[in-house]
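Listed below, chain by chain, are the residues.
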Amino acid sequence: MPSVKYQKGDKVMGRWPGSNLYYEVTVLAFDTNNQLYTVEYKDGTELELREQDIKSVGGFQTRARSRSRSPGRRRSRSRSPARTTRRSSSRTVAVSAAGAGDGATALKNKKLMETLEVKLTPVQQAKTPENNSNNKHEKREENNAANKANEESNSKQETETEKIQGRYNLRRRKDEGAAKTAPSVEQAEKEPAKVAPVAPLCPPLDFGGKIGAYFWLLFLPAWVLFLILQVNLDDPSLANFPPPLPPVESFFDAHALGFVVVWILFQAVLYVLPVGKLSEGMPLRSGEKLKYRTNGFFAIVVSAVAVAAAVHLGLDLTYIHSHFLQLGVASFIISVLLSVYLYIRSRYVAPEKLALGGNSGNVVYDFFKGHELNPRIKNFDLKFFCEMRPGLIGWCLINFAMALAEMKLQNLNSPSYGMILVNVFQLLYVVDGLWNEEAILTTMDLMHDGFGFMLAFGDLVWVPFTYTMQAYYLVSHPNPLNIPGVMAIVLLKFIGFYIFRKSNSEKNAFRRNPSDPKVSYLKVIPTASGKNLLVSGWWGVVRHPNYLGDLIMALAWSLPCGISHLLPWYYMIYFIILLVHRDSRDMSECRRKYGSAWDEYCRTVRYRIIPRVY
Ligand SMILES: NC(=O)C1=CN([C@@H]2O[C@H](COP(=O)(O)OP(=O)(O)OC[C@H]3O[C@@H](n4cnc5c(N)ncnc54)[C@H](OP(=O)(O)O)[C@@H]3O)[C@@H](O)[C@H]2O)C=CC1
Ligand SMILES: CC(C)CCC[C@@H](C)[C@H]1CC=C2C3=C(CC[C@@]21C)[C@@]1(C)CC[C@H](O)C(C)(C)[C@@H]1CC3
């Protein structure tokens, strides 16, 4: 194991799965495919641990510990996954520094230690150089995340000790194939060395946790409805009171549902055609690489030809404008059905196929966030298809329909400048995404996020029915533009596009092949995981140059609508919130993956999205 941090035979501290407790373990091997260390606990238990769950023994110090003999304690102690019939008094256990430093968390950790049956000498983790970040801002964020993580995991363990076996990503090596599900507590107690926990640990809950999931499930559809009703008003101010709801029967239209179903099926047919490249995704936790049919550009070209032919044959596309609400409701129904299907099937898949972030054990949260990482029906990848096809290409179809509706309603021979700009800019964005479809395989959604309601609704409803707000707005709210105005907006769009495309391509090329001559000259920070971090080029300017380009483009999409109303600026506002939140999610994820190397990257590249500002 030449380039790995810990070597065979090293005595280190390994985190006990699902807890903040560290035991002395011996490193047996390192698997370069899945980047996991095989370690052996003193009782002979072998587990696979990630590097961030291993610490050097020097980082821990012994602490005196008194053991209570209360019956309650004795009762709860018997639930430990760590329990062995042959208890060793020489084992060591430690509470992580973050947890031990804080009173409330320390109390929880104490309880946790009592809950887990450990007849061991506790030691406290000393401050490691890793934690000594110069960047105060980052440090505060990490500590918060660490405390949050501890609180989440501790409170769960106090109440759901039995579930521990199924909640972490530290995969047991022995008996792996045989044990698809976590064994019962009784089994675990009888055969302690055979506890086979394979389900991934859920990192700290996102989006406001479980309560947040309920909120978003209700709020997101309500917000889309609000926007659709607002944009039809003469004065579509976001500050307006929600307009009165139309009669219930007007929400549903069977033709609209048929239209959406036909559109999705049409896209599905184009997706499965054996045309275009079969691209490889990034390695999964299992080391496997999935294959994706990246024929998105072909799909949009065929779609454009089919739509042009249909219009030529008399299809009135302004139907999309006049039945926008019904089409939105139909898509919503499909996204809900899809999410239910996705959640149900996720209950039957192997634990290593679950997304880390969507495996909290809470049905509503996991339903919302996405439980399974890459749900597939044979080779048909549902997440990839939904993200890149029906909604994305549907967005361009809707924009085009709005241009026709504008001409019809305002008696124009051609669409207005504003409408042309919005159509061309967004078409360029989508076509670019489809042309570089392979690059999406290195994005957060494909690599880390599960496929659940958030993405199903996002892809099938949110994108086509809210990203089209500027075009919809212009249909009945003309905003005359002069030529210099048009030129300035076009220039802005191209600056944004250049930054967006160059930075995304740079990262994609680097992740696919670091020795690609296009990127091999760039400076990097090596990480213990074996992957390096770019620290020069676009990724040396800010930590998310692609977001910066995307935001500049968003500005260029709203400007053609003028500044008299906030509604066409909704996308810009939403996008700032989305990207700031995504950046912080990505920060936590990268901190978890790359540890101190990530800290070093953050110290070197100090700004997140906008140089010298944020
Ligand atoms: N229009 C829209 O609605 C939306 C558009 N987008 C766009 O989609 C694109 C993808 O965004 P997103 O998936 O959020 O994020 P990124 O494509 O930026 O992916 C983040 C990942 O890149 C890798 N990475 C981070 N820093 C470095 C570095 N210095 N060197 C090498 N690799 C690094 C890390 O993954 P690892 O190390 O594991 O490879 C990290 O998790 C963006 O352009 C964004 O603007 C995103 C959301 C919505
Ligand atoms: C409903 C929620 C509040 C938010 C849902 C978010 C999703 C709508 C977005 C998450 C990431 C996305 C990406 C694109 C579209 C929007 C979603 C699905 C993207 C496909 C747009 C085209 C780009 O070129 C891209 C880089 C390929 C984008 C990837 C991320």
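Residues numbered from 1 in each chain as written. Chains lettered and ligands numbered in written order. Predicted model: local features only at pLDDT ≥ 70, side-chain atom pairs only at ≥ 80, totals over all residues. Heavy atoms only, no water.

An unreviewed UniProt entry lists the protein chain under the name Delta(14)-sterol reductase LBR, with Cynoglossus semilaevis as the source organism. The Sequence similarities (unreviewed entry) field of the UniProt record for the protein chain holds the comment "Belongs to the ERG4/ERG24 family." UniProt lists a comment for the protein chain under the heading Pathway (unreviewed entry), and it reads "Steroid biosynthesis; cholesterol biosynthesis." (UniProt positions renumbered as here; feature names shortened; annotations may be inferred.)

Caption draft 1: The arrangement of the overall build of the protein chain in detail. Of the regular secondary structure elements, the protein chain holds 21 helices and 14 strands. Within the protein chain, the fraction of its 614 residues that count as buried is 54%. Across the protein chain, the fraction of contacts at a sequence separation of at least 24, relative to all contacts at a separation of at least 6, is 74%. Total accessible area on the protein chain stands at roughly 27,300 Å², and carbon and sulfur atoms take up 62% of it. (Helix = DSSP H or I, 4+ residues; strand = E, 2+ residues; numbered from the N terminus. Buried < 20%, exposed > 50% of the residue type's maximum accessible area, 1.4 Å probe, protein only. Contact = heavy atoms within 4.5 Å. Areas by Shrake-Rupley, 256 points an atom, 1.4 Å probe, with all protein chains shown as cover.)

Caption draft 2: Focus on the confidence of the model for the protein chain. Of all residues in the protein chain, 73% have pLDDT values of 70 or greater, and the mean over the chain is 77. In this model, residues 61–199 is a region of pLDDT below 50 whose contacts with residues beyond four sequence positions or in other chains number 262 contacts. Among the scores for the predicted complex, ipTM is 0.97 and pTM is 0.72. (pLDDT = per-residue confidence, 0-100.)

Caption draft 3: View of unusual backbone geometry. Positive phi, normally seen in glycine, also occurs at Phe207, with a value near 55°. One can find Phe207 in the loop between α5 (185–190) and α6 (209–231). Of note, Lys378 is a non-glycine position whose phi angle comes to about 55°, a positive value. Tracing the chain through its elements places Lys378 in the loop between β11 (376–377) and β12 (380–381).

Caption draft 4: Structural context of empty space enclosed by the protein. Following the criterion strictly, the structure yields three cavities of 30 Å³ or more and no others. Its boundaries defined by the atoms lining it, the largest cavity holds a volume of some 190 Å³. As for the largest cavity, its lining consists of 16 residues, of which Val260, Trp263, Ser331, Pro464 and Phe465 are closest to the centre. Where the lining of the largest cavity is concerned, the elements lending two or more residues are α7 (254–272), α10 (324–346), α13 (390–409) and α16 (453–466). (1 Å grid on protein atoms, 1.4 Å probe; cavity = no way out; pocket = protein on both sides within 12 Å on 5 of 7 lines; lining within 4 Å. Points joined across faces, edges and corners; volume = space filled by probe spheres on them.)

Caption draft 5: Here's a closer look at the UniProt feature "transmembrane region" (unreviewed entry) in the protein chain. Here, the residues flagged by UniProt with the feature "transmembrane region" (unreviewed entry) are residues 213–231, 251–273, 294–312, 324–344, 455–475, 481–500, 521–542 and 554–580. Its end C-alpha atoms 29 Å apart, residues 455–475 is made of 90% helix and 0% strand.

Caption draft 6: Structural view of the environment of Phe400. For Phe400, the location among the structural elements is in helix α13. Residue classification places Phe400 among the partly exposed residues on the basis of a relative accessible area of 37%. For Phe400 and Leu49, which are 351 residues apart along the polypeptide, the C-alpha to C-alpha distance reads 52 Å. Ignoring sequence-local partners within four residues, the contact set of Phe400 consists of Val307, Leu317 and Asn423.

Caption draft 7: Highlighting the site of ligand 2. Close contacts around ligand 2 come from 15 residues, with Glu387, Gly433, Asp445, Asp459 and Arg582 the closest. When the free accessible area of ligand 2 is taken as 630 Å², the share hidden by the protein chains comes to 88%. If one sorts the elements of the shell around ligand 2 by residue count, α16 sits on top with five residues. For the shell around ligand 2, the class distribution of residues is nine nonpolar, two polar and four charged. (Near = heavy atom within 4 Å. Nonpolar A, V, L, I, M, F, W, Y, C, P; charged D, E, K, R; others polar.)

Caption draft 8: A look at the pattern of salt bridges. As enumerated under the stated definition, the model contains 16 salt bridges in all. With a shortest N-O distance of 3.8 Å, Glu438 and Arg512 are connected by a salt bridge. Of this pair, Glu438 sits in the loop between α14 (417–435) and α15 (444–447) while Arg512 sits in helix α18 (residues 483–512), placing them 74 residues apart in sequence. Members of the salt-bridge network, linked through shared partners, are Asp206, Asp449 and Arg585. (Salt bridge = Lys/Arg side-chain N within 4 Å of Asp/Glu carboxyl O.)

Caption draft 9: The site of ligand 1, seen in detail. For ligand 1, the set of nearby residues contains 27 residues, the closest of which are Tyr467, Tyr547, Asp550, Lys593 and Tyr594. Asn504 is positioned with one of its side-chain polar atoms (N or O) 2.9 Å from an oxygen atom of ligand 1. Interatomic distance of 2.5 Å between a side-chain N/O atom of Lys593 and an oxygen atom of ligand 1. About the coverage of ligand 1: the protein hides 93% of its 910 Å² of free accessible area. Of all the secondary-structure elements, those providing two or more residues to the shell around ligand 1 are α15, α18, β14 (532–534), α19 (545–558), α20 (570–594) and α21 (596–604). (Polar contact = N/O pair within 3.5 Å; in protein donor to acceptor, adjacent residues only side chain to side chain.)

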